[in-house]
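Overview (structure and organization)
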Amino acid sequence: MGEVQNDNTVYVYVDESGSITKTNVSNNRYFVIAMVFTDNPIAIRRLFKKKISQMIKNNSKRKEELILNKEIKGSDLSEKEKIKIYHHILAHGSDKIELGVIVLDNNYTNDKFIENHARTFNYMVQVYFDSCFRKHSKYMTGAGNIDILLDEQNVATGAKYDLEEYLNQQLTIKNPICDKFSASYTDSKNEKLVQLADFVANTFYRNIEKKDRDSAESVKEWINTLCGEDIFDFSEAHDIKLNIN
């Protein structure tokens, strides 16, 4: 994905927080996938970059992190830092963005479900598109292209299940949600909007897993922009709650 935009394309930037696991579930209960949808990535990217630049301008620690790592990770920022970025993006670009958040409760998984993490990830994304996106997204038209970019750090090596092929098989032939899916992978250092997805995934993970108080305000910023105005709860009991009170 470059700076060329197609009027008939929705762009989706994806990252995750937590783990798909049956190990030490009491401390690794939730797995969060964040998806930033936009029909205007140039505008959203510009808003994100502007606030990052302002953040590091008078903060030598953040500037050093950016120089050293080529990006700032969401887990390294406080929610009070991140909420300023979120507020700026949504104040000036809420009409150009939608957020999808999938949450898996590892208490409801079994060894078969998680034996291939790439397959599990792809299945969760497919179910989200087929259910939440189809019913609630402002970008749901049944036509056009959906172009997905994911952080390559989260791709299981040797994965047999290709996300692009899988989504096209499931969602573009019978009762399609679009004409074509494209999926590719990049180092998050190379794409600011994958970094934004990292920020958001970490915020919702802190909120649900850690019950972090500061994250409540960040989550409230996003509520009206969430597809369906809620997380997509991928658990049997559908009892995952946001901590926003």
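The present account deals with the structure reproduced in this document. Just so you know, these numbers come straight off a predicted model, no measurement behind them.

1. What about the side chain of Ser17?
Here Ser17 lies in strand E1 (residues 9-18). Setting aside chain neighbours within four positions, we find Ser17 in contact with Tyr30, Phe31, Val32, Ala201, Asn202 and Tyr205.

2. So, the pattern of salt bridges
Going through the model one piece at a time under the given rule, you end up with ten salt bridges. For Arg119, the salt bridge is made with Glu115, and the minimal N-O distance between the two is 3.0 Å. Relative accessible area serves as the criterion here: at 27%, Arg119 is assigned to the partly exposed category. One network of salt bridges, in which partners are shared, links Glu79, Lys82 and Arg206.

3. Observations regarding the packing of aromatic side chains
How two aromatic rings sit relative to each other is set out by the distance from centre to centre and by the angle between their planes. One pass over the full model with this rule turns up 13 aromatic pairs. Between Phe37 and Tyr128, the aromatic rings sit 6.4 Å apart at their centres with planes inclined by 35 degrees, giving tilted as the arrangement. Placement of Phe37 in strand E2 (residues 30-38) and of Tyr128 in helix H5 (residues 117-136) is noted, with a sequence separation of 91 residues between them. Residue Phe37 shares its accessibility class with Tyr128, and that shared class is buried. Ring centres of Tyr128 and Phe232 lie 5.6 Å apart, and the angle between their planes is 85 degrees; on these two criteria the pair is classed as edge-to-face. Here Tyr128, found in helix H5, pairs with Phe232, found in strand E6 (residues 232-234); they are 104 residues apart in sequence, far enough to count as distant.

4. Here we look at the packing of helix H7 (residues 192-208) against helix H8 (residues 213-222)
Their axes nearest at 9 Å, the elements H7 and H8 cross at an angle of 125 degrees. The angle between H7 and H8 falls in the class oblique. As for the relative orientation of H7 and H8, their crossing is left-handed in sense. Note on element contacts: H8 touches H7 through Ser215, Ala216, Ser218, Val219 and Trp222, opposite Val200, Thr203, Phe204, Arg206 and Asn207. Residues that form the contact of H7 with H8 fall into these classes: five nonpolar, four polar and one charged.

5. Considering the packing of helix H3 (residues 79-93) against H8
Helices that pack against each other are described as a pair by the angle of their axes relative to one another and the distance between those axes. For the pair H3 and H8, the least separation of the axes is 9 Å and the interaxial angle reads 10 degrees. Classed by the angle they form, the pair H3 and H8 counts as roughly parallel. Across the interface between the two elements, Glu79, Lys80, Ile83, Tyr86, His87 and Leu90 from H3 touch Asp214, Ser215, Glu217, Ser218, Glu221 and Trp222 from H8. For the contact of H3 with H8, the class distribution of residues is four nonpolar, three polar and five charged.

6. What about the environment of Glu152?
Within the fold, Glu152 resides in the loop between strand E4 (145-151) and helix H6 (163-171). As a C-alpha pair, Glu152 and Asn58 span 94 residues in sequence and 31 Å in three-dimensional space. Among all residues touching Glu152, those that are not within four sequence positions of it are Tyr185, Thr186 and Asp187.

Cut-offs used in this document
Residues numbered from 1 in each chain as written. Predicted model: local features only at pLDDT ≥ 70, side-chain atom pairs only at ≥ 80, totals over all residues. Heavy atoms only, no water. Helix = DSSP H or I, 4+ residues; strand = E, 2+ residues; numbered from the N terminus. Contact = heavy atoms within 4.5 Å. Salt bridge = Lys/Arg side-chain N within 4 Å of Asp/Glu carboxyl O. Buried < 20%, exposed > 50% of the residue type's maximum accessible area, 1.4 Å probe, protein only. Phe/Tyr/Trp six-rings, centres within 6.5 Å; stacked < 30°, edge-to-face > 60°. Axes fitted to C-alpha atoms, helices over the stretch in contact; angles between N-to-C directions. Parallel < 35°, antiparallel > 145°, perpendicular 65-115°, else oblique. Left-handed = near helix turned anticlockwise from the far one by under 90°. Nonpolar A, V, L, I, M, F, W, Y, C, P; charged D, E, K, R; others polar.

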